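Coordinate inspection notes
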Amino acid sequence: MKQTTINAIRILSAEAIQKANSGHPGLPLGSAPIAYALFQNFLKFNNQDTKWDDRDRFVLSAGHGSMLDYSLLYLYGFGLTKEDLMNFRQLDSKTPGHPEYGHTVGIETTTGPLGQGIANAVGMAVAEAHLAAKFNREGFPVVDHYTYAICGDGCLEEGISYEACSFAGTHELGKLILFYDDNDITIEGNTDITFKEDIATRFEAQNWQVIKVDLVENPDNVQLICDAILLAQKETKKPSIIICKTKIGYGTPLEGSHKCHGAPLGVENLQKTKEKLGWPDIPAFEIPEEVSQHTALAGKRGAQKQRDWESMFKEYEKRYPDLAAEYKKAMKGEIVDLSKVDDLFKFEKPMATRQTSAVVLNKIAALVPELVGGSADLAPSNLSDMKNTDTINYGDFTPENYAGRNMHFGIREHAMAAIANGMQLHGGIHAYCATFFIFSDYCKHAMRLSALMNIPVVYILTHDSIGVGEDGPTHEPVEQLIALRSIPNMKVYRPADGKETAAAWISALTGTAPTALVLTRQNLPQYANSGLIALKGGYILEDCEGTPDILLIASGSEVEQCVGAKAELAKEGIKARVISMPCFEEFEKQSDEYKESVMPHNVKARVCVEAGSPYSWYKYAGDKGEIIGMSTFGASGPAPLLFKKFGFTVENVVEKAKKSLSK
């Protein structure tokens, strides 16, 4: 049955791609025996409880080979049907072109952008190591599972894989096992045209165990693969890469050619493939009954493992009731109601919002033990570390102390964000990561995937504008706010003071959306009327008597100029309302009545102020409004002089207000 099951994976994948007339058959055909060996003999899962905490995690980093995932989920009883396979890549199907977390049962993370899955897998291994150190006790391995991933040449060409694998080796993540489907082919042809490095030596240099399996002469030698997995499992101080030399499109007339990488085989070639593999003459998408019986054994094994785990956990609860309660709370993602913690909102003196964020973060850290995160080598500047107290030692996450909650990601922004995604996806952790706002460009694709997967990773992004000052235009974000705001399901908070920062953190740790906390380097005043109302995204910070003549709308540091302009306009009898807009996305969720109460449509005179691209603001400025923004790059110099140079002054806001009133 072994051989027939391997071929079932191949044929189902090829049939689905052919029916869709779209897809990537090469990887599933070549790596089917790797996937079979893992699912049939090693992977710990229960197909009747796919979210069981202590399951092994499986990531198909080479997400273009998604039919490999779907064939496995179908054959191993995760709930996909034959009809689902037949609807591969069709609208509203459970089998989209690339694996999507939350859309298809059994998919642990959304993959397709090459290299992201490797970094996600690293994050899952981080979470496993951290939770094991925190909760396991002698005789009670409550957290004890592996993270497996399959990648191809493309994943390893992407820079994110270097970053993530370096991090994994440095942190000795021994329960991470990566299969490299080494077939020497990408879309454009043989990898010799772009990719000749010695992968084994590269990974050895990154402190990985390297295991080689040659499947060219005997492609279906499952025993070789199983022996390699056992060897990988024995190495506890290093992650392992199993380099599997394969033939892309094995069994087809296009075997070894880039022509089967990203296109259907064609009806004739598919038939020839079936004949070469000895596939029985049965209708498309049918499999022999013996295959179902064979794969069911793996499901039964996993169900028994879960029953054994649950029995062990009951004893754990008796022996360690407090730990068990904390574990269950962590895995459910439950946290205290932070909106009722008054201490989060106590700010008096002017402070940069990176500083107010540090204060809030450390207060929350004591209340949310699941909070784990860190920075890309910038913690002293973005103030993203959790400080030890007399009662709590947060510690650093290191091979000597996996229970540590402060992460040191190194100068690896892209991998950092993707690793944080993996940590969050694993469960039991509320993940955050931090860098300068300008470097969100490096994080961008992973941030986009946070939003696509609906996972609440927190991104601390400091030094948010030309307020960076002397570092100059290379480090002064201009277009980054509009870039992040354009991502569906991403909350972008740019608070104006400490209480707004606290509200932003509360928002970030609730719901399912990722949140970017965009924070200043320079000091800002504290406002009397800010606070939890910032959860609404936009609100009246300072008002006037009766109907305002003009609305002054801003986010973050530019709220200060609007407050100053309001006072100056009042001297001339002009009534202004100051609206703080820390989060566009949350404001847009409010009722029409609320939005109208804040921003009356009949008040056409408006000035919108933000030290970033003006494109976010046209909706709110309307046809008579003025926008003070950045339409050029910044410059190097002291921040106060830069704000004056680029028009972020009380005087300019007043001037623009009068201009808007005159229209």
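Quick note: structure is the one above.
Here the structure is a predicted model, which is why all the values come from computation and not from measurement. (Residues numbered from 1 in each chain as written. Predicted model: local features only at pLDDT ≥ 70, side-chain atom pairs only at ≥ 80, totals over all residues. Heavy atoms only, no water.)

A few points about the nonpolar core
The biggest cluster of nonpolar side chains holds 139 residues, and the ones touching the most others in it are Tyr148, Leu173, Phe179 and Ile242. For this core, the leading source of residues is helix 5 (residues 116–135), giving twelve residues. Apart from residues no more than four positions distant in its own chain, Ile242 is found in contact with Ile177, Leu178, Phe179, Tyr180, Ile211, Val213, Ala228, Ile229 and Ala232. Counting 49 residues, the second largest nonpolar core, distinct from the first, contains Ile553, Ala554, Ile627 and Phe643. (Core = buried A, V, L, I, M, F, W, Y, C linked by side-chain atoms within 4.5 Å. Buried < 20%, exposed > 50% of the residue type's maximum accessible area, 1.4 Å probe, protein only. Helix = DSSP H or I, 4+ residues; strand = E, 2+ residues; numbered from the N terminus. Contact = heavy atoms within 4.5 Å.)

Details of the packing of aromatic side chains
Going through the model one piece at a time under the given rule, you end up with 30 aromatic pairs. Ring centres of Phe140 and Tyr320 lie 6.0 Å apart, and the angle between their planes is 85°; on these two criteria the pair is classed as edge-to-face. Placement of the pair is Phe140 in the loop between helix 5 and strand 2 (147–152) and Tyr320 in the loop between helix 11 (289–319) and helix 12 (321–332), with a sequence separation of 180 residues. The exposure class assigned to Tyr320 is partly exposed, which follows from its relative accessible area of 24%. (Phe/Tyr/Trp six-rings, centres within 6.5 Å; stacked < 30°, edge-to-face > 60°.)

Things to note about the layout of surface pockets
Taken as a whole, the largest pocket spans an internal volume of roughly 340 Å³. Listed by contribution, the elements that provide at least two residues to the lining of the largest pocket are helix 12 and helix 15 (413–426). (1 Å grid on protein atoms, 1.4 Å probe; cavity = no way out; pocket = protein on both sides within 12 Å on 5 of 7 lines; lining within 4 Å. Points joined across faces, edges and corners; volume = space filled by probe spheres on them.)

As for unusual backbone geometry
Despite not being glycine, Asn21 has its phi angle at roughly 55°, a positive value. Following the sequence through the fold, Asn21 ends up in the loop between helix 1 (2–20) and helix 2 (26–41). Assessed through its relative accessible area of 58%, Asn21 is described here as exposed. Even without a glycine there, the phi angle at Asn454 is positive, about 60°.

Section: empty space enclosed by the protein
Empty space left among the atoms is revealed by rolling a probe the size of a water molecule over them. Using the criterion set out here, one finds five cavities of 30 Å³ or more in the structure. Put simply, the largest cavity is a space of about 120 Å³. Along its surface, the largest cavity is lined by 15 residues, and Leu43, Asp56, Phe78, Gly106 and Glu108 are the ones closest to its centre. Among the secondary structure elements, those contributing two or more residues to the lining of the largest cavity are strand 1 (57–60) and helix 3 (66–75). Looking at the lining of the largest cavity residue by residue, the class counts come to six nonpolar, three polar and six charged. The space that makes up the second largest cavity amounts to roughly 50 Å³. Phe58, Val59, Leu60, Asp69, Pro99, Gly106, Ile107, Glu108, Thr109 and Thr111 are the residues that line the second largest cavity. Sorting elements by how many residues they give to the lining of the second largest cavity places strand 1 first, with three residues. (Nonpolar A, V, L, I, M, F, W, Y, C, P; charged D, E, K, R; others polar.)

A closer look at the pairing of strand 16 (residues 576–580)
Remember that side chains alternate between the two faces of the sheet whenever the strand is regular. Extensive coverage of strand 16 is indicated by the burial of five of its five residues. Residues Ala576, Val578 and Ser580 line one face of strand 16 and the alternating positions Arg577 and Ile579 line the opposite face, and both faces are buried. As paired strands, strand 14 (residues 539–542) and strand 16 are joined by three bridges and run antiparallel to one another. Paired with Glu542 across the bridge in strand 16 is Val578. Bridging between strand 15 (residues 550–554) and strand 16 involves five bridges; their strand directions are parallel. The residue of strand 16 that forms the bridge with Ile553 is Ile579. Between the parallel elements strand 15 and strand 16, the chain passes through helix 19 (residues 559–571) in a crossover that is right-handed. (Pairing = 2+ DSSP bridges. Right-handed = clockwise from strand over helix to strand, strands pointing away.)

These values are about where atoms sit, not about what they do.
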